[in-house]
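Analysis of the macromolecular model
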Amino acid sequence: MRHHLLIALLLLSAGHAAAQNCKPSPLGERELFLRGTFNNWSASDEHRFVYVCDRYELYAKISGEQSFKIADEDWSGDADFGGGSAAELKLKGGAISERFAGGHKFQLLFSDAGAARLQISPFSGEAPQLVSAPTVADPVALSIRFDSRDSRDKSPFGAVTPNRPVRYSFQAQPGIESATLVVAKRRLEGNQELLEYGEATRLPMKASKTGKAQRWSAEHSFAAPAIYGYHFEVQIKGQTFVYQNKRDPVFWTREKGSMGLGLVDPLPEQSKRIRRYRQTVYAADFKVPDWARDAVFYNIFPERFRNGDADNDPRPGRDHYQDKDVEFHANWLDKPYKPGSQDGSDEAFNNDFFGGDLAGIMSKLDYIKSLGANAIYMTPIFRAASNHKYDTADYTQVDPAFGTNADFKRLTVEAAKRGIRVIPDTSLNHVGSDSPYFNRFGNYPTGGAFDDGALNPASSYASWFKLDPGQAKPEDQYQGWVGVKDLPELDKGSSSFRAFAFGAPGSVMLQWLDLGAAGWRMDVAPWVPDDFWREWRTAIKAHKPDAFLIAETWFDASKFLLGDSFDSSMNYIFRNTVLDYAAGGDARKLYPHIELMREAYPPQAFFAMMNLLSSHDQARALHHLGWQVEADREAEALAKQRLRLASFMQMTLPGAPAIYYGDEVGVGGGEDPLNRATYPWADLGGQPDTALLADIKRLTQLRHQHKVLRHGSFNAPLHLDAHLIVLARQDGKSWALTASNNSEKMQTVKLKLAPNMRGLRWRDAMTGRTLTADRQGVVQISVPPLFGRVLISL
């Protein structure tokens, strides 16, 4: 990347009173965030600017090609800055795209006239502390101990149902004058843009003596399902301290803190600066389909999996992409086109096709079953102009390049014969601009809300969109999802659209369930309002009670797992945790993400989370694990062994593992579109890694053979260090010990087992060797490098 990138940004004019060359921010007390593809466009504390004298500053580590903007928490019109090039930068402009490598310093500098420029420069070493962290010296305050995962401090554990009393308790040295448990209901909307806590309930805590220490306790029952925040305020010698969640960032999540042991700090002036513990309260009747925790998903991007019917292939000159031609790869093993990369493609994104279809998936159902998958999740298959099909043109029809509705029915029937369920995907947040609903390019008969680039208020679809005829430019007369005009955003409050989508007999959701779908994966769930999802769930569960409903969320998904919307979510927190660990990260810093989910998610949802390693929205696992140059065979071999470790964790941790097509045979690739490469079928000249495939099959078989790995209880690790994670699972009389090792050397650990485990004999589930604890109940486990072991009780 260039050493210095200067980007001009327009800011609203504001008075600037100079004082010692410093001046107030034109945006007052509002905060700005770097928001982009590296943090799922969220306003995270990790990427929050700090205003220093006359500029905003941020130090951040970002790698790879990224798109970003600078905005406040709410994407306010006067604090949303971007632009694709220097000539186009403006308020509410498009995303800025750059390639990063490592640490960078971001400075947003202001002129006296109100203009500003963004300066980005490489930075190495330790970032300076822009805001000094509060310090506590009082020994009594420092003695406070609360661990949200310790039954002495909080009982019952984790998520609870309404009206069940929860006891909160902490221990400290004598000297606290008073203590208060503070509880407030959280409001989280959109992609974490709106995050606030309501009016607090303050509960006085009572002290009791425990030896030389004091224990302060209070009890509270929560009236209704929601996410609540809580913390403790204590008075010591006239000063107020807060005991709160710790400071560690959580992947993709705006709120910091993985819970467990917390920290004491002086009470901040602003309550929004308190890092609250979070308490999930879910509906008592929340039920997840029984089959979900036994699922192993095979995730397919249909256009790139297998071409089973050449007759329906898209054809240049006949088929179109919006107002452009399509491109077709005659060679199945080509790389996906990336406009601007000088690969011979045109300048349009998402318009190159390989011919994958439903017939291709049907032809490989036996392969999918042999892999150990018993569920298929497919990205959208409905009629749409693009290769990814998230720009829906017709919710009621399979895209002609993929087949027909009858083909979908046949797929579900044939899959069911093999014990495989099929979950389709769509977005109820936006449609394609090239659709009969919108018809921006005039490719459909008159009747769209924006026929041939002009508003059509008489359209029966007009109420589906938020249209603004007062704007002069056509592109400003409607709202594109996150500013993408190819994806007109739906008005989810439209009663007409809700009836079409799920409310009326024969509606879209119900139509596909009747054709054999086993549930739904819903795109960009956070952008859709909560009341929509509540009505949606009610309609679907009334029609098909065992339908499995999966949200696309990247951050802490607790709010979607309360029993009134989804059963599960794509688990990107799991993905980042496991891949970073498999890449050599410190398990002591990473595993708290798993503990957070164990505590925050209702158990029926936690055991059914879609635990992925790769997806069509992120670089493939092998890329993340170090194989980024195709010809680097040493990096390839090491990355594949690390993938074996990541897959081992997928198959031995709670949740529904999800294998992204091709990962199992060594398909690599970076960010979109390279993460959407074709499956390298041998009969088409590909070279699938059959040794890796055999190892992945052994791991899926391991999971299916031992119910304890799917259903067994799940508690804090028996052992956790920088490299090793050792867990105990119990299902009735069956026990399992799982151990993973991310070191390149064998690691050995001695464990003193709990009394109820000491009399057990153990068999290694992969080698068949037996193991017994000594008379003191100590068992010694050696774990191979970059892999794991599973011991099953005999």
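Residues numbered from 1 in each chain as written. Predicted model: local features only at pLDDT ≥ 70, side-chain atom pairs only at ≥ 80, totals over all residues. Heavy atoms only, no water.

**A word on empty space enclosed by the protein**
What counts is decided by this rule: Lining residues are those with an atom within 4 Å of a point, where the points come from a 1 Å grid over the protein atoms alone and group into cavities, where a 1.4 Å probe fits but cannot get out, or pockets, open sets with protein on both sides within 12 Å along at least five of seven lines. Grid points are joined across faces, edges and corners, and a volume is the space filled by probe spheres set on the points. Runs of E in the DSSP output that reach at least two residues are strands. Runs of H or I that reach at least four are helices, and both are numbered from the N terminus. For this classification, the nonpolar set comprises Ala, Val, Leu, Ile, Met, Phe, Trp, Tyr, Cys and Pro, the charged set comprises Asp, Glu, Lys and Arg, and every other residue, Gly included, is treated as polar.
For the coordinates displayed, the defined rule picks out 7 cavities of 30 Å³ or more. Taken as a whole, the largest cavity spans an internal volume of roughly 70 Å³. Surrounding the largest cavity, Leu-613, Leu-643, Ser-647, Gln-650, Met-651, Ala-658, Ile-659, Tyr-660, Asp-663 and Ile-696 form its lining. Contributing elements (two or more residues each) for the lining of the largest cavity: helix H13 (633–652) and strand E36 (656–660). Per-element tally for the lining of the largest cavity: the top contributor is H13, with 4 residues. Residue composition of the lining of the largest cavity, grouped by class: 7 nonpolar, 2 polar and 1 charged.

**Considering the state of the cysteines**
Definition in use: In this description, a disulfide is simply a cysteine sulfur pair whose atoms lie within 2.5 Å. To sort residues, take the accessible area from a 1.4 Å probe on protein chains only and compare it with the maximum for the residue type: under 20% means buried, over 50% means exposed, and anything in between is partly exposed.
Under the defined criterion, the tally for this structure stands at 1 disulfide. Two residues share a disulfide in this structure: Cys-22 and Cys-53, whose sulfurs sit 1.9 Å from each other. Disulfide Cys-22-Cys-53: torsion about the S-S bond near -100 degrees, hence left-handed. Of the two residues, Cys-22 sits in the loop between strand E1 (5–9) and strand E2 (33–36) while Cys-53 sits in the loop between strand E3 (50–52) and strand E4 (55–71), which places them 31 residues apart along the sequence. Given the relative accessible area of 28%, Cys-22 is considered partly exposed. Residue class for Cys-53 comes out partly exposed when judged on its relative accessible area of 29%.

**Considering the nonpolar core**
To be explicit about the condition: In this text, buried Ala, Val, Leu, Ile, Met, Phe, Trp, Tyr and Cys residues form a nonpolar core when linked through side-chain atoms within 4.5 Å.
Grouped together as the largest cluster of nonpolar side chains are 177 residues, with contacts concentrated most on Phe-170, Phe-297, Tyr-298 and Trp-536. Here the element with the most residues in this core is H13; it accounts for 8 residues. Core analysis: the next-biggest nonpolar cluster, separate from the first, contains 20 residues, Leu-27, Phe-38, Leu-58 and Ala-79 among them.

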